[in-house]
Amino acid sequence: MLDPRLFRTELDFVTEQLSRRSFNFNPAAYLELETRRKDIQVRTQDLQNERNSRSKAIGQAKAKGEDVQPLLDQVQHLGDELKAAETTLAEIQTSMAALMEGIPNILDAAVPDGKDEAANVEISRWGNVPEFGFTPKDHVDLGTDKGMDFELGAKITGSRFVVLNGGLARLQRAIIQLMLDTHTAEHGYSETYVPFLVNADSLRGTGQLPKFAADLFKASDDPALYLIPTAEVPVTNIVRDVIVEAKDLPLKFVCHTPCFRSEAGAYGRDVRGMIRQHQFEKVEIVQIVKPEDSVQAHEELTQHAETILQKLNLPYRKMLLCAGDTGFSSAKTYDLEVWLPGQGAYREISSCSNFKDFQARRLQARWRNPETGKPELVHTLNGSGLAAGRTLIAVMENYQDAGGRIHIPEALKPYMGGLDIIG
RNA sequence: GGAGAGGUGGCUGAGCGGUCGAAAGCGGCGGUCUUGAAAACCGUUGAGGGUUGAUCCCCUCCCAGGGUUCGAAUCCCUGCUUCUCCGCCA
């Protein structure tokens, strides 16, 4: 959520900034609602004030043993009027909240214009795209005889699910272990284990609700619980309604969870293989920082994700997402795209975002600023460090040999129990 | 799943339907004292919002949502949640 004060003082700026995202914000409609809000709120508070002072007077008169009946007669009419005003105010505030919750974050000045991924800007490239003396296979062809079974996934559940057996299941686990160990031992993150089902308040806090309900799997109606689309949700919500002491910042969490996405609107895209599944494993890194530190933290966090790709010696490029491709809650996002020989293309394997105070305002996640002594909003950031399912694909495709066997990267061997080749 | 007891400020913990946003203690902050620190003493110390140039002032918040009342932390209902006991269970 954006700062309501920004709307009151810099409406033109907000409107202009939102248009960068092709978000159609109607300032006139906002102003009308805001004017009514102010009007009704002032009137309601006046009425409340009157009720309070009169009730207090009744109490005082009663304490002195005076006859309070005349006073009671005077307040007869107050109740209805006040109740009506309070009801109207609540309705307006609900409308205002709904409006505000549907408005995306303002983009960082560094974010380039553009309407879709074609306008993303390549920042850097790392590693050498491998030269094979043969036509490299994709992970589906490589995995068929090694325990990657999409038909079984479809039988047990449906499309976009997979079963992994033997070496490939172990390889995915090894990838996860490497990530967790690297982020805890080398990057200073604290390993966290969280619920995989979350309530609506948590999803509202990180921005998935109310706007993106269709992307979620709802697991229960009463109480309303949802499967997490990313560990970002439960982990960032650790600081919901919390005032963190300055000395405890930054908070850095790393968390491995499965992620569940309905992939509504992705029909027909990436239907082959493990690229886009309803369920996938991911290691997420999350930082809660002082506002002044978030720009630097964003660079570091992205670097932390890059470290994993470098340890696995997987070629990748770092992209700065353009205005149209940057997510709803994010002010600035870097995507890391790994080279997939089977597709002959770079594909997203990590997305690292600085949300600034957008999530924090929804979450009421604050820190006590020693300079002001007041609670102020923190900045939140997160990134995939990395998506484990896609990392598995990348390892398979980049480490294949002419015989269709998969060589285990050096960094993963300690986790593979002596196995150094699959196939 | 069954039975019972609770949810109050950063923490512990009082609170008869009426000057209660809330006693007291701890913690925090400031001061006195001290070479410095501790101790002691004095003072101060919740959050959000409206209005304002800034104060003042006003409103809301004692788990959440309803209700009763002129007036609710206090009474009633529902939900959530914590704890204890029994049952079941990885």
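Residues numbered from 1 in each chain as written. Chains lettered and ligands numbered in written order. Predicted model: local features only at pLDDT ≥ 70, side-chain atom pairs only at ≥ 80, totals over all residues. Heavy atoms only, no water.

For RNA strand B, the set of nearby residues contains 22 residues, the closest of which are Arg8, Lys38, Gln48, Arg51 and Lys62. When the atoms of RNA strand B within 4 Å of the protein are grouped by moiety, sugar and phosphate amount to 67% of the total. Taking Arg366, its side chain carries an N or O atom lying 3.0 Å from a phosphate oxygen of RNA strand B. Among the secondary structure elements, those contributing two or more residues to the surface near RNA strand B are α3 (27–63) and β14 (366–368). Take the surface near RNA strand B: its biggest share by element is 14 residues, from α3. Looking at side-chain class alone, the surface near RNA strand B contains 5 nonpolar, 8 polar and 9 charged residues. (Near = heavy atom within 4 Å. Polar contact = N/O pair within 3.5 Å; in protein donor to acceptor, adjacent residues only side chain to side chain. Helix = DSSP H or I, 4+ residues; strand = E, 2+ residues; numbered from the N terminus. Nonpolar A, V, L, I, M, F, W, Y, C, P; charged D, E, K, R; others polar.)

Further remarks concern the packing of α3 against helix α5 (residues 78–101). Where α3 contacts α5, the two axes come as close as 9 Å, and the packing angle between them is 145°. Here α3 and α5 pass one another in a crossing that is left-handed. Residues that form the contact of α3 with α5 fall into these classes: 11 nonpolar, 6 polar and 9 charged. (Axes fitted to C-alpha atoms, helices over the stretch in contact; angles between N-to-C directions. Left-handed = near helix turned anticlockwise from the far one by under 90°.)

What follows deals with the packing of aromatic side chains. Considering all chains together, one arrives at 9 aromatic pairs under this definition. Each ring, one from Phe328 and one from Phe358, has its centre 5.7 Å from the other, and the planes form 80°; the classification is edge-to-face. Placement of Phe328 in the loop between β11 (316–320) and β12 (332–340) and of Phe358 in helix α12 (residues 358–363) is noted, with a sequence separation of 30 residues between them. Taking relative accessible area as the criterion, Phe328 reaches 12% and is therefore assigned buried. Ring centres 5.1 Å apart and planes at 65° place the aromatic pair Trp339 and Tyr346 in the edge-to-face group. Residue classification places Trp339 among the buried positions, given a relative accessible area of 15%. Exposure remark for Tyr346: the relative accessible area of 14% places this residue in the buried category. The structure contains a cluster of three or more aromatic residues connected by ring pairs, namely Phe7, Phe25 and Tyr30. Just above the ring of Tyr189 sits the side chain of Lys252; from NZ or CZ to the centre is 4.9 Å. The ring centre of Tyr334 lies 4.3 Å from the NZ or CZ of Lys318, which sits over that ring. (Phe/Tyr/Trp six-rings, centres within 6.5 Å; stacked < 30°, edge-to-face > 60°. Buried < 20%, exposed > 50% of the residue type's maximum accessible area, 1.4 Å probe, protein only. Lys NZ or Arg CZ within 6 Å of the ring centre and 35° of its normal.)

So, about a negative patch on the surface. Taken together, the side chains of Glu292, Asp293, Glu300 and Glu371 present a region of like negative charge at the surface. Turning to its location among the elements, Glu300 is positioned in helix α11 (residues 294–311). According to the relative accessible area criterion, Glu300 is partly exposed, its value standing at 36%. (Patch = residues over 30% accessible without salt bridge, like charges linked within 9 Å, V, L, I, M, F, W, Y side chains within 5 Å. Areas by Shrake-Rupley, 256 points an atom, 1.4 Å probe, with all protein chains shown as cover. Salt bridge = Lys/Arg side-chain N within 4 Å of Asp/Glu carboxyl O. Lys, Arg positive; Asp, Glu negative; His and termini not counted. Charge placed at Lys NZ, Arg CZ, Asp CG, Glu CD.)

Looking now at the domain arrangement of chain A. Under the domain assignment used here, chain A contains domain 1 (26–101) and domain 2 (117–422). Averaged C-alpha coordinates put domain 1 and domain 2 at centres separated by 49 Å. (Domains from an automatic or database assignment.)

You can see Lys332 is positioned in strand β12. You can call Lys332 buried: its relative accessible area is 13%. If we ignore the near neighbours within four places in the chain, the residues touching Lys332 are Asp108, Ala110, Val111, His298, Glu299, Leu320, Thr326, Cys352, Ser353 and Asn354. (Contact = heavy atoms within 4.5 Å.)

Attention now moves to the nonpolar core. Where a protein is soluble and globular, its nonpolar side chains tend to be buried together. Judged by nonpolar contacts, the single largest core of 46 residues is most densely connected at Leu168, Leu171, Leu309, Leu314, Leu392 and Leu412. Sorting the residues of this core by element identifies α8 (166–185), β10 (279–289), α11, β12, β13 (345–356), β16 (379–387) and α13 (388–398) as the ones contributing at least two each. Here this core gets 8 residues from one element, more than from any other, and that element is α8. (Core = buried A, V, L, I, M, F, W, Y, C linked by side-chain atoms within 4.5 Å.)

With that out of the way, let us pick up the sheet that holds β13. Within the open sheet, the 8 strands sit side by side as β1-β11-β12-β13-β16-β10-β9-β4. Their pairing is mixed. For this open sheet the edge positions go to β1 (121–126) and β4 (190–191), each flanked by a neighbour on one side alone. Note: strand β9 (residues 251–260) against β10, 10 bridges, orientation antiparallel. Across the sheet, Lys252 pairs through a bridge with Gln287, a residue of β10. (Pairing = 2+ DSSP bridges.)

Turning our eyes to something else, we now look at the environment of Glu232. Looking at the secondary structure, you find Glu232 in helix α10 (residues 232–236). Taking the relative accessible area as the measure of exposure, Glu232 reaches 9% and is therefore buried. Separated by 23 residues in sequence, Glu232 and Cys255 place their C-alpha atoms 8.8 Å apart. Not counting the four nearest positions on each side in its chain, Glu232 is found in contact with Thr206, Gln208, Asn237, Glu284, Phe355, Gln359 and Asn382.

Taken together, the 3 strands give an open sheet; going across it, the order is β8-β14-β15, and neighbouring strands pair in mixed fashion. On the outer flanks of this sheet lie β8 (243–245) and β15 (375–377), each paired with one strand and no other. Averaged over all pairs of adjacent strands, the angle between their axes in this sheet comes to 40°, without regard to strand direction. As defined by bridge partners, β14 adjoins β15 across 3 bridges and the pair is classed as antiparallel. Bridge assignment links Trp367 to a residue of β15, and that residue is Glu376.

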